[in-house]
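What follows is the residue order along each chain.
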Amino acid sequence: MYAIVATEPGGPEVLRWTEQPDPDLAPGHVLLDVAATAVNRADLLQRRGLYPPPPGASEILGLECSGVISDLGDGVTGWKIGDRVCALLSGGGYAEKVAVPASQLLPVPKGIDLAVAASLPEIACTVWSNVVMTAGLTRGEVLLVHGGGGGIGTHAIQVGKALGAKVAVTASAGKLDRCRELGADLAIDYREQDFVTEVRNAFGGADVVLDNMGAKYLSRNIDVLAPDGRLVVIGMQGGTKGELHLGKLLAKRGHVIATGLRGRPDSGPSGKSAIIDSVRAGLWPLIEEAKVHPVVHAELPITEAARAHELLDSPETVGKVVLRIDRG
(Lines give C-alpha, C1' and ligand atoms only; values in the text may rest on other atoms or scores of the structure.)
Protein backbone atom coordinates (compact mmCIF):
# COMPACT_ATOMS: atom_id res chain seq x y z
CA MET A 1 0.00 0.00 0.00
CA TYR A 2 0.92 3.67 -0.18
CA ALA A 3 0.85 6.01 2.80
CA ILE A 4 1.94 9.47 3.87
CA VAL A 5 5.01 9.31 6.13
CA ALA A 6 7.17 11.97 7.72
CA THR A 7 10.71 11.37 6.47
CA GLU A 8 12.08 13.24 9.49
CA PRO A 9 10.73 15.63 12.14
CA GLY A 10 9.99 18.98 10.58
CA GLY A 11 7.57 21.15 8.65
CA PRO A 12 4.88 20.05 6.18
CA GLU A 13 7.51 19.55 3.49
CA VAL A 14 8.74 16.32 5.19
CA LEU A 15 5.49 14.51 4.31
CA ARG A 16 5.86 12.01 1.47
CA TRP A 17 3.48 9.57 -0.31
CA THR A 18 5.52 6.36 -0.28
CA GLU A 19 5.08 2.60 -0.43
CA GLN A 20 4.69 0.93 2.97
CA PRO A 21 3.96 -2.62 4.19
CA ASP A 22 0.31 -3.60 4.35
CA PRO A 23 -1.03 -3.69 7.91
CA ASP A 24 -1.39 -7.02 9.70
CA LEU A 25 -4.93 -8.15 10.54
CA ALA A 26 -5.12 -9.24 14.19
CA PRO A 27 -8.05 -11.05 15.84
CA GLY A 28 -10.87 -8.66 16.66
CA HIS A 29 -9.74 -6.19 13.99
CA VAL A 30 -11.05 -5.30 10.54
CA LEU A 31 -9.15 -4.16 7.48
CA LEU A 32 -10.39 -1.02 5.76
CA ASP A 33 -9.81 0.26 2.26
CA VAL A 34 -9.48 3.90 3.25
CA ALA A 35 -11.59 6.44 1.35
CA ALA A 36 -10.48 9.50 3.30
CA THR A 37 -8.80 10.68 6.47
CA ALA A 38 -8.81 14.04 8.26
CA VAL A 39 -6.10 16.27 9.69
CA ASN A 40 -5.94 16.88 13.43
CA ARG A 41 -3.61 19.06 15.46
CA ALA A 42 -2.06 15.91 16.92
CA ASP A 43 -0.86 15.05 13.40
CA LEU A 44 1.00 18.35 13.20
CA LEU A 45 2.67 17.66 16.54
CA GLN A 46 3.61 14.11 15.53
CA ARG A 47 5.06 15.37 12.24
CA ARG A 48 7.33 17.66 14.27
CA GLY A 49 8.44 14.77 16.51
CA LEU A 50 6.55 16.11 19.56
CA TYR A 51 3.73 13.55 19.89
CA PRO A 52 4.79 9.93 19.33
CA PRO A 53 2.06 7.32 18.87
CA PRO A 54 1.11 5.09 21.82
CA PRO A 55 2.99 1.79 22.16
CA GLY A 56 1.88 -0.67 19.50
CA ALA A 57 0.15 1.94 17.32
CA SER A 58 1.09 2.60 13.71
CA GLU A 59 3.81 5.18 13.13
CA ILE A 60 1.80 6.48 10.16
CA LEU A 61 -0.12 9.69 10.90
CA GLY A 62 -3.91 9.79 11.06
CA LEU A 63 -6.31 9.46 14.00
CA GLU A 64 -9.50 8.85 12.00
CA CYS A 65 -10.67 7.68 8.62
CA SER A 66 -13.60 6.48 6.56
CA GLY A 67 -13.70 3.58 4.16
CA VAL A 68 -15.05 0.17 3.26
CA ILE A 69 -14.39 -3.07 5.16
CA SER A 70 -12.29 -5.38 2.98
CA ASP A 71 -11.47 -8.17 5.47
CA LEU A 72 -12.46 -9.39 8.94
CA GLY A 73 -10.15 -10.72 11.62
CA ASP A 74 -11.00 -13.74 13.73
CA GLY A 75 -13.83 -13.19 16.19
CA VAL A 76 -15.32 -10.09 14.56
CA THR A 77 -19.11 -9.99 14.65
CA GLY A 78 -21.65 -7.33 13.75
CA TRP A 79 -19.78 -6.15 10.66
CA LYS A 80 -19.36 -7.57 7.16
CA ILE A 81 -17.12 -7.06 4.14
CA GLY A 82 -18.41 -4.12 2.11
CA ASP A 83 -19.78 -2.11 5.06
CA ARG A 84 -19.17 1.65 4.77
CA VAL A 85 -17.72 2.85 8.07
CA CYS A 86 -15.67 5.50 9.78
CA ALA A 87 -13.16 4.69 12.49
CA LEU A 88 -11.34 6.15 15.47
CA LEU A 89 -7.64 5.31 15.24
CA SER A 90 -4.50 5.51 17.33
CA GLY A 91 -2.59 6.03 14.08
CA GLY A 92 -2.40 4.84 10.48
CA GLY A 93 -5.16 6.85 8.81
CA TYR A 94 -2.99 8.54 6.15
CA ALA A 95 -2.81 5.31 4.14
CA GLU A 96 -4.63 3.25 1.53
CA LYS A 97 -5.33 0.52 4.11
CA VAL A 98 -5.62 0.44 7.87
CA ALA A 99 -6.38 -2.25 10.46
CA VAL A 100 -8.57 -1.12 13.36
CA PRO A 101 -10.29 -2.83 16.30
CA ALA A 102 -13.87 -3.58 15.31
CA SER A 103 -15.01 -1.92 18.53
CA GLN A 104 -13.70 1.43 17.20
CA LEU A 105 -15.90 1.44 14.10
CA LEU A 106 -18.97 3.56 13.50
CA PRO A 107 -21.37 3.27 10.57
CA VAL A 108 -21.32 6.21 8.17
CA PRO A 109 -24.31 8.30 9.29
CA LYS A 110 -27.24 8.39 6.90
CA GLY A 111 -27.03 11.37 4.58
CA ILE A 112 -23.28 11.90 5.09
CA ASP A 113 -20.82 11.53 2.20
CA LEU A 114 -18.23 8.78 2.73
CA ALA A 115 -15.26 11.17 2.48
CA VAL A 116 -16.86 13.76 4.76
CA ALA A 117 -17.49 11.02 7.34
CA ALA A 118 -13.72 10.84 7.84
CA SER A 119 -13.94 14.19 9.63
CA LEU A 120 -16.24 12.87 12.37
CA PRO A 121 -14.73 10.16 14.63
CA GLU A 122 -12.02 12.15 16.42
CA ILE A 123 -14.09 15.27 17.09
CA ALA A 124 -17.25 13.30 17.84
CA CYS A 125 -15.53 11.09 20.40
CA THR A 126 -13.57 14.00 21.90
CA VAL A 127 -16.56 16.29 22.33
CA TRP A 128 -19.06 13.64 23.40
CA SER A 129 -16.75 11.93 25.88
CA ASN A 130 -15.73 15.20 27.52
CA VAL A 131 -18.80 17.43 27.35
CA VAL A 132 -21.44 14.74 27.86
CA MET A 133 -19.90 11.62 29.42
CA THR A 134 -17.37 13.38 31.69
CA ALA A 135 -18.76 16.86 32.36
CA GLY A 136 -22.42 15.85 32.18
CA LEU A 137 -23.70 18.92 30.32
CA THR A 138 -27.48 19.19 30.68
CA ARG A 139 -30.28 21.27 29.17
CA GLY A 140 -30.21 24.90 30.28
CA GLU A 141 -26.57 24.89 31.37
CA VAL A 142 -23.89 27.14 29.88
CA LEU A 143 -21.07 25.62 27.81
CA LEU A 144 -17.96 27.71 27.09
CA VAL A 145 -15.85 26.40 24.21
CA HIS A 146 -12.37 27.75 23.55
CA GLY A 147 -11.21 27.59 19.94
CA GLY A 148 -14.74 27.80 18.57
CA GLY A 149 -13.62 27.95 14.94
CA GLY A 150 -11.66 24.70 14.94
CA GLY A 151 -12.84 21.19 14.25
CA ILE A 152 -13.61 20.42 17.88
CA GLY A 153 -15.05 23.87 18.49
CA THR A 154 -17.45 23.88 15.53
CA HIS A 155 -18.66 20.44 16.56
CA ALA A 156 -18.99 21.30 20.26
CA ILE A 157 -21.14 24.36 19.48
CA GLN A 158 -23.65 22.19 17.65
CA VAL A 159 -23.66 19.41 20.25
CA GLY A 160 -24.21 21.92 23.05
CA LYS A 161 -27.15 23.51 21.22
CA ALA A 162 -28.65 20.14 20.30
CA LEU A 163 -28.60 19.21 24.00
CA GLY A 164 -30.39 22.43 24.96
CA ALA A 165 -27.43 24.31 26.44
CA LYS A 166 -26.47 27.95 26.00
CA VAL A 167 -23.13 28.10 24.18
CA ALA A 168 -20.37 30.70 24.41
CA VAL A 169 -17.18 30.50 22.36
CA THR A 170 -13.85 32.23 22.05
CA ALA A 171 -12.36 32.59 18.57
CA SER A 172 -10.50 35.03 16.36
CA ALA A 173 -12.53 37.89 14.93
CA GLY A 174 -12.77 36.40 11.45
CA LYS A 175 -14.43 33.23 12.74
CA LEU A 176 -17.04 34.73 15.06
CA ASP A 177 -19.82 35.02 12.47
CA ARG A 178 -19.42 31.36 11.49
CA CYS A 179 -19.61 30.37 15.15
CA ARG A 180 -22.86 32.32 15.46
CA GLU A 181 -24.23 30.60 12.34
CA LEU A 182 -23.53 27.25 13.97
CA GLY A 183 -25.57 28.29 17.00
CA ALA A 184 -23.24 30.08 19.42
CA ASP A 185 -25.25 32.39 21.69
CA LEU A 186 -22.17 34.42 22.60
CA ALA A 187 -19.09 34.77 20.36
CA ILE A 188 -16.04 36.39 21.98
CA ASP A 189 -12.98 37.80 20.20
CA TYR A 190 -10.26 36.38 22.42
CA ARG A 191 -7.77 39.06 21.31
CA GLU A 192 -9.99 42.04 22.11
CA GLN A 193 -12.40 40.85 24.81
CA ASP A 194 -12.08 39.24 28.24
CA PHE A 195 -14.04 36.01 28.11
CA VAL A 196 -14.52 35.98 31.90
CA THR A 197 -16.25 39.35 31.85
CA GLU A 198 -18.30 38.56 28.74
CA VAL A 199 -19.58 35.20 29.99
CA ARG A 200 -20.32 36.51 33.46
CA ASN A 201 -22.24 39.47 32.07
CA ALA A 202 -24.25 37.30 29.70
CA PHE A 203 -24.89 34.18 31.78
CA GLY A 204 -23.39 34.62 35.25
CA GLY A 205 -20.71 32.02 34.53
CA ALA A 206 -20.10 28.75 32.69
CA ASP A 207 -21.23 25.36 33.95
CA VAL A 208 -18.87 23.51 31.60
CA VAL A 209 -15.67 24.82 30.00
CA LEU A 210 -14.06 22.84 27.17
CA ASP A 211 -10.48 24.10 27.07
CA ASN A 212 -7.72 23.53 24.53
CA MET A 213 -5.26 26.06 25.96
CA GLY A 214 -4.14 24.54 29.24
CA ALA A 215 -1.89 26.62 31.47
CA LYS A 216 -2.47 30.00 29.80
CA TYR A 217 -6.20 29.95 30.53
CA LEU A 218 -6.22 27.98 33.79
CA SER A 219 -6.70 30.89 36.19
CA ARG A 220 -9.34 32.64 34.08
CA ASN A 221 -11.16 29.37 33.45
CA ILE A 222 -11.54 28.98 37.22
CA ASP A 223 -12.78 32.57 37.41
CA VAL A 224 -15.45 31.97 34.76
CA LEU A 225 -16.84 28.78 36.34
CA ALA A 226 -20.32 28.93 37.82
CA PRO A 227 -20.97 27.13 41.14
CA ASP A 228 -20.47 23.38 40.68
CA GLY A 229 -18.82 24.15 37.33
CA ARG A 230 -16.64 21.67 35.45
CA LEU A 231 -13.46 22.62 33.60
CA VAL A 232 -12.32 19.96 31.14
CA VAL A 233 -8.83 20.46 29.70
CA ILE A 234 -8.20 18.62 26.43
CA GLY A 235 -5.23 20.55 25.04
CA MET A 236 -2.09 22.42 26.03
CA GLN A 237 -1.66 24.98 23.27
CA GLY A 238 -1.03 27.59 25.98
CA GLY A 239 1.47 25.58 28.02
CA THR A 240 1.58 22.69 30.48
CA LYS A 241 2.19 24.31 33.88
CA GLY A 242 -0.08 26.84 35.56
CA GLU A 243 -0.99 28.02 39.06
CA LEU A 244 -4.29 26.74 40.45
CA HIS A 245 -6.09 28.86 43.05
CA LEU A 246 -7.60 26.16 45.25
CA GLY A 247 -9.51 28.70 47.34
CA LYS A 248 -11.51 29.86 44.32
CA LEU A 249 -12.10 26.27 43.27
CA LEU A 250 -13.31 25.26 46.74
CA ALA A 251 -15.65 28.24 46.98
CA LYS A 252 -17.32 27.21 43.71
CA ARG A 253 -17.26 23.46 44.41
CA GLY A 254 -15.53 23.34 41.07
CA HIS A 255 -14.02 20.45 39.16
CA VAL A 256 -10.85 20.46 37.06
CA ILE A 257 -10.51 17.46 34.75
CA ALA A 258 -7.84 16.71 32.16
CA THR A 259 -8.39 13.97 29.60
CA GLY A 260 -6.86 12.54 26.45
CA LEU A 261 -8.34 10.25 23.82
CA ARG A 262 -5.52 8.75 21.74
CA GLY A 263 -3.78 6.83 24.52
CA ARG A 264 -6.91 5.26 26.05
CA PRO A 265 -7.19 1.46 26.01
CA ASP A 266 -9.69 -0.10 23.65
CA SER A 267 -11.79 -1.68 26.39
CA GLY A 268 -12.68 -0.97 30.01
CA PRO A 269 -14.73 1.79 31.67
CA SER A 270 -12.51 4.56 30.26
CA GLY A 271 -11.83 2.77 26.99
CA LYS A 272 -12.49 3.85 23.45
CA SER A 273 -15.10 1.16 22.87
CA ALA A 274 -17.31 2.59 25.63
CA ILE A 275 -17.02 6.04 24.04
CA ILE A 276 -17.84 4.64 20.60
CA ASP A 277 -20.95 2.92 21.99
CA SER A 278 -22.15 6.13 23.65
CA VAL A 279 -21.44 8.22 20.54
CA ARG A 280 -23.36 5.79 18.34
CA ALA A 281 -26.34 5.75 20.71
CA GLY A 282 -26.47 9.45 21.61
CA LEU A 283 -24.74 11.52 18.95
CA TRP A 284 -25.25 9.62 15.69
CA PRO A 285 -29.05 10.19 15.77
CA LEU A 286 -28.41 13.95 16.11
CA ILE A 287 -26.21 13.83 13.00
CA GLU A 288 -28.74 11.80 11.02
CA GLU A 289 -31.46 14.28 12.04
CA ALA A 290 -29.20 17.14 10.80
CA LYS A 291 -29.10 18.74 14.25
CA VAL A 292 -25.30 18.32 14.15
CA HIS A 293 -23.42 18.32 10.87
CA PRO A 294 -19.76 18.01 9.84
CA VAL A 295 -17.97 21.29 9.16
CA VAL A 296 -15.33 20.71 6.48
CA HIS A 297 -13.24 23.64 5.31
CA ALA A 298 -11.54 21.78 2.44
CA GLU A 299 -11.10 18.39 0.80
CA LEU A 300 -7.75 17.65 -0.81
CA PRO A 301 -6.11 14.59 -2.39
CA ILE A 302 -3.98 12.78 0.16
CA THR A 303 -0.91 13.50 -1.93
CA GLU A 304 -1.41 17.15 -0.87
CA ALA A 305 -1.06 16.33 2.83
CA ALA A 306 1.56 19.05 3.25
CA ARG A 307 -0.90 21.65 1.99
CA ALA A 308 -3.57 20.23 4.33
CA HIS A 309 -1.24 20.67 7.33
CA GLU A 310 -0.64 24.28 6.30
CA LEU A 311 -4.39 24.85 6.04
CA LEU A 312 -5.05 23.52 9.52
CA ASP A 313 -2.58 26.08 10.86
CA SER A 314 -4.16 28.92 8.87
CA PRO A 315 -6.22 31.51 10.78
CA GLU A 316 -8.80 31.43 7.96
CA THR A 317 -9.62 27.72 8.30
CA VAL A 318 -12.91 26.89 10.01
CA GLY A 319 -13.63 23.24 10.81
CA LYS A 320 -11.82 20.20 9.46
CA VAL A 321 -9.54 19.48 6.50
CA VAL A 322 -10.18 16.15 4.76
CA LEU A 323 -7.70 14.14 2.69
CA ARG A 324 -9.28 11.91 0.02
CA ILE A 325 -7.70 8.82 -1.45
CA ASP A 326 -8.56 8.91 -5.15
CA ARG A 327 -8.24 5.38 -6.50
CA GLY A 328 -8.98 6.26 -10.11
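Residues numbered from 1 in each chain as written. Predicted model: local features only at pLDDT ≥ 70, side-chain atom pairs only at ≥ 80, totals over all residues. Heavy atoms only, no water.

Q: Give a description of the pattern of salt bridges that names residues and reports values.
A: Considering all chains together, one arrives at 15 salt bridges under this definition. Of the charged contacts, one joins glutamate 181 and arginine 178 as a salt bridge, the two residues approaching to 3.2 Å between their closest N and O atoms. Taken together, the residues span about one helical turn, with glutamate 181 and arginine 178 both in helix α5 (residues 176–181) at a distance of 3 residues. By relative accessible area, which is 30% here, arginine 178 ends up partly exposed. (Salt bridge = Lys/Arg side-chain N within 4 Å of Asp/Glu carboxyl O. Helix = DSSP H or I, 4+ residues; strand = E, 2+ residues; numbered from the N terminus. Buried < 20%, exposed > 50% of the residue type's maximum accessible area, 1.4 Å probe, protein only.)

Q: Describe in detail the environment of glutamine 158, supporting the description with residues and values.
A: In this structure, glutamine 158 sits in helix α4 (residues 151–162). Between the C-alpha atom of glutamine 158 and that of serine 172, which follows or precedes it by 14 residues, the distance is 18 Å.

Q: Run through the layout of surface pockets, naming residues and quoting values.
A: Each pocket or cavity is described by its volume, and for the second largest pocket that value is around 560 Å³. In terms of lining, the second largest pocket is formed by 31 residues, of which the most central are Gly56, Ala57, Ser58, Gly91 and Ala99. Of the residues assigned to the lining of the second largest pocket, the class counts are 15 nonpolar, 9 polar and 7 charged. (1 Å grid on protein atoms, 1.4 Å probe; cavity = no way out; pocket = protein on both sides within 12 Å on 5 of 7 lines; lining within 4 Å. Points joined across faces, edges and corners; volume = space filled by probe spheres on them. Nonpolar A, V, L, I, M, F, W, Y, C, P; charged D, E, K, R; others polar.)

Q: Outline the pairing of strand β5 (residues 84–88), supporting the account with residue identities and numerical values.
A: Counting buried positions along β5 yields 4 of 5 residues, so the element is predominantly enclosed. Pairing geometry for β5 and strand β7 (residues 105–107), over 3 bridges, is antiparallel. In the strand pairing of β7, cysteine 86 is matched with leucine 106. (Pairing = 2+ DSSP bridges.)

Q: Help me get a handle on the packing of aromatic side chains, residues and values and all.
A: A complete count under the given rule lists 2 aromatic pairs for this structure. Considering the side-chain rings of phenylalanine 195 and tyrosine 217, the 5.2 Å spacing of their centres and the 50° angle between planes classify their relative orientation as tilted. With phenylalanine 195 in helix α6 (residues 195–203) and tyrosine 217 in the loop between β11 (206–211) and α7 (218–224), the pair connects residues that are 22 residues apart, well separated along the chain. Taken individually, phenylalanine 195 and tyrosine 217 each receive the classification buried, so the pair is uniform in this respect. When the ring centre of tyrosine 51 is taken as origin, the NZ or CZ atom of arginine 262, which lies over that ring, is 4.9 Å away. (Phe/Tyr/Trp six-rings, centres within 6.5 Å; stacked < 30°, edge-to-face > 60°. Lys NZ or Arg CZ within 6 Å of the ring centre and 35° of its normal.)

Q: Any details on the packing of helix α3 (residues 121–134) against α4? Residues and values, ideally.
A: Helix-helix packing is described using two parameters, namely the angle between the two axes and the distance between the axes. Two numbers describe how α3 lies on α4: the axes approach to 9 Å, and their chain directions differ by 55°. Between α3 and α4, the crossing angle belongs to the class labelled oblique. Considering only the axes of α3 and α4, their crossing is right-handed. Touching Ile123, Ala124, Thr126, Val127 and Trp128 of α3 are Gly151, Ile152, His155, Ala156 and Val159, all from α4. Of the residues contributing to the contact of α3 with α4, the split by class is 7 nonpolar, 3 polar and no charged. (Axes fitted to C-alpha atoms, helices over the stretch in contact; angles between N-to-C directions. Parallel < 35°, antiparallel > 145°, perpendicular 65-115°, else oblique. Left-handed = near helix turned anticlockwise from the far one by under 90°. Contact = heavy atoms within 4.5 Å.)

Q: Describe the side chain of lysine 252, listing the residues and the values that go with them.
A: Residue position: lysine 252 is located in helix α8 (residues 246–252). One buried charged residue, lysine 252, remains without a salt bridge, the closest side chain of opposite sign being aspartate 223 at 5.4 Å. Of note is the side chain of lysine 252, whose polar atom sits 2.8 Å from the backbone oxygen of isoleucine 222. (Lys, Arg positive; Asp, Glu negative; His and termini not counted. Polar contact = N/O pair within 3.5 Å; in protein donor to acceptor, adjacent residues only side chain to side chain.)

Q: Any chance you could break down the sheet that holds strand β13 (residues 255–258) for me, citing the residues and the numbers?
A: For sheets, the rule is that strands pair by backbone hydrogen bonds, running either parallel or antiparallel. Read across the sheet, 6 strands follow the order β10-β9-β8-β11-β12-β13 without closing on themselves; strand pairing throughout is parallel. Sheet topology places β10 (186–189) and β13 at the edges, where each strand pairs with a single neighbour. Going from strand to strand, the sheet's axes swing by 15° on average, the running direction of each strand aside. In the sheet, β11 pairs with strand β12 (residues 225–233) via 5 bridges, with the strands oriented parallel. Of the residues in β12, the one forming a bridge with leucine 210 is valine 232. Against the sheet, α6 touches β8 (142–146), β9 (166–171), β10 and β11, its axis set at about 160° to β10.

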